[in-house]
Amino acid sequence: MSNIGKWLLLGLLGASVSSYATDDEQSMFVSDGPYIKKQEGELTVECVINSQAKRYQGLSFIARMQIDNCGYPVTLSNIDFIEKTTLTFNTKQRIVATSDFHGQYAIMKRLLQRNGVIDSGNNWALGKGHFVITGDIFDRGDKVTEILWFIYQLEQQAKAAGGYVHLLLGNHEVMVLNGDLRYLHPKYLDVARILDSPFELLFDKNTVLGDWLRSKPVLVKINNMLFAHGGFHPELVEKQLTLASINTSFKKNLIKRELPESRSELGEFLHKKKGPVWYRGLLKDNGATSAEIDLLLKHFDVKHLVIGHTSQKEVLTKHQGRVIAIDSSIKRGQYGEVLIVDGDKKWRGTLDGKQLPLENHE
Ligand code: ZN
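Residues numbered from 1 in each chain as written. Predicted model: local features only at pLDDT ≥ 70, side-chain atom pairs only at ≥ 80, totals over all residues. Heavy atoms only, no water.

Looking now at the pattern of salt bridges. The tally for this structure, following the rule as stated, stands at 18 salt bridges. When the shortest N-O distance is used, the salt bridge between Asp342 and Arg94 registers 2.7 Å. You can see Asp342 sitting in strand S16 (residues 338-342) and its partner Arg94 sitting in the loop between strand S7 (88-89) and strand S8 (95-98), a full 248 residues away along the chain. Taking relative accessible area as the criterion, Arg94 reaches 26% and is therefore assigned partly exposed. Taken together, the shared-partner salt bridges connect Lys37, Glu46 and Arg55 into one network. (Salt bridge = Lys/Arg side-chain N within 4 Å of Asp/Glu carboxyl O. Helix = DSSP H or I, 4+ residues; strand = E, 2+ residues; numbered from the N terminus. Buried < 20%, exposed > 50% of the residue type's maximum accessible area, 1.4 Å probe, protein only.)

Encoded structure:
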C-alpha cells in the first residue's frame, strides 16, 4: 500500500468519517476537492466524490503529506502562509505571464506545457524564471479547485528550483472570497450544498487554500514591468500612492465580513472601478490618455503596465507597447496565449508553442 493509502486509512481509523448521499435527482455526478480546514493543529479534509461528501477529521499535518484519494491529488507542503510583501523583483531570467484561467484547467496545462513553464508531467520547467498569473482563476469554468491546487504545488516546485510563481488576486478571487457567487459554475453550488457549507467558507481563512489566497498580493513589479489584474488608474498618481501602499490598503480591506468595521475610504476606492482589479481604462476607448499612461509609468518607474481582465483574442500591446494585455480569452475554453519576456525581447507564446511577435493594436 502506498504511503498515501496508509495515511488515509489512518485518517479513517483514527477519526470520525461521514459520508452522505445527495437528495435530488441530478443526472450528473459531481466530484471536487480537497477542501482542507486547519484548526488547532488538526486538519479536516473534505471532498465530494460522485456527489457524496467524504470527510476525514483529526489528521495531524506532516510536511509533504499526500492526499490523493479525496479529489485532486495534493502534496501538502505547507499549511500556514506569510503575506507576500515583497512586490519588486529584478531578474535576468525568463518571465512568462498569463491571466484569467477561469476554471479552464485543460487549456491551462496545454498552454504551460507548450511554452516551457511545465514539462509533460506537469512539473515546473522554468528553472529560475518567473511565472506571473494576473488573477481570475475563479468563476465561469468547472475546474477551479484543480487549478488552485496545481498552482499551490507549482509554487513549491518553482521555489525549490530557484524560480518564482507570482499569483496575483483578480476581481473574481475577491468576489468569491466575499461571497459574491454570481459567476460561479453551477457545479460549485452543488459542491457547497453537498458539503453543507456556504461556498465562500470553503475558502475561509482557516482553510489551506483560503489562507494561501489571502497571502497573495494584488500587484508585482518585475524589472521594468508592473503587473496587476485590471490596471492602474491615473488617480493613483494624483493620490501619490506607492505600490506598497496600494497593495497594503487593498489587502487590509480584502474581505468585508472579516473587517472590524467597514472598508476605509482608500480601501473602498481600491476595491471599486478605479482599483487595480476592476479598472479597464488602459485598454478601452475613452480611458486613460497617452499623457496619463506616461505619468503612471513615470510614477511607478516602469516601462510597461501588464494587465489581464479585459479579454483580447491574443496577447497584444496598446499605446505603442506601454500597455501589454495578457487576458487571451482562455475563459472560452478554446485558446490561450502567454507573454514571454527575455531581457528586452518580448513574444506571445501560442497554444501550440509558437513564439510570435507582439502586435500593437490601437
Ligand atoms: Zn477580471
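What follows covers the packing of helix H2 (residues 105-114) against helix H3 (residues 144-161). Packing of H2 against H3 brings their axes to within 9 Å, and their N-to-C directions diverge by 35°. Along its contact with H2, which presents Tyr105, Met108 and Leu112, the element H3 presents Glu146, Ile147 and Phe150. Split into classes, the residues belonging to the contact of H2 with H3 amount to 5 nonpolar, no polar and 1 charged. (Axes fitted to C-alpha atoms, helices over the stretch in contact; angles between N-to-C directions. Contact = heavy atoms within 4.5 Å. Nonpolar A, V, L, I, M, F, W, Y, C, P; charged D, E, K, R; others polar.)

So, about the pairing of strand S11 (residues 219-222). Here S11 shows no split at all, with Leu219 and Lys221 on one side and Val220 and Ile222 on the other all buried. Bridging between S7 and S11 involves 2 bridges; their strand directions are parallel. Bridged to Thr88 within S11 is Lys221. The sheet contact formed by S11 and strand S12 (residues 225-228) spans 4 bridges and is antiparallel. Within S12, the residue paired with Ile222 across the bridge is Met225. Taking the residues between adjacent antiparallel strands as the criterion, S11 and S12 are bridged by 2 residues, where Asn223 takes a positive phi near 50°. (Pairing = 2+ DSSP bridges.)

Looking at the zinc ion, the protein donor atoms are Asp136 (OD), Asn171 (OD1), His229 (NE2) and His309 (ND1), and they sit 2.1 to 2.2 Å from it. Angles of 85 to 169° at the metal separate the 4 donor atoms of the zinc ion, which places the site in the irregular class. All donor residues of the zinc ion come from one chain, and their arrangement in sequence is D-x34-N-x57-H-x79-H. Separated by 93 residues along the polypeptide, Asp136 in the loop between strand S9 (130-133) and H3 and His229 in the loop between S12 and helix H7 (235-238) bring together distant segments of the chain. Each member of the pair, Asp136 as well as His229, carries the same accessibility label: buried. (Donors = N, O, S within 2.8 Å, 3.2 Å for Na, K, Ca; no water. Tetrahedral: all angles 85-135°; square planar, octahedral: opposite > 155°, others 65-115°.)

Quick look at the side chain of Thr75 now. Here Thr75 lies in strand S6 (residues 74-76). Those residues in contact with Thr75 that sit more than four places away from it in its chain are Arg64, Met65, Gln66, Tyr152 and Gln153.

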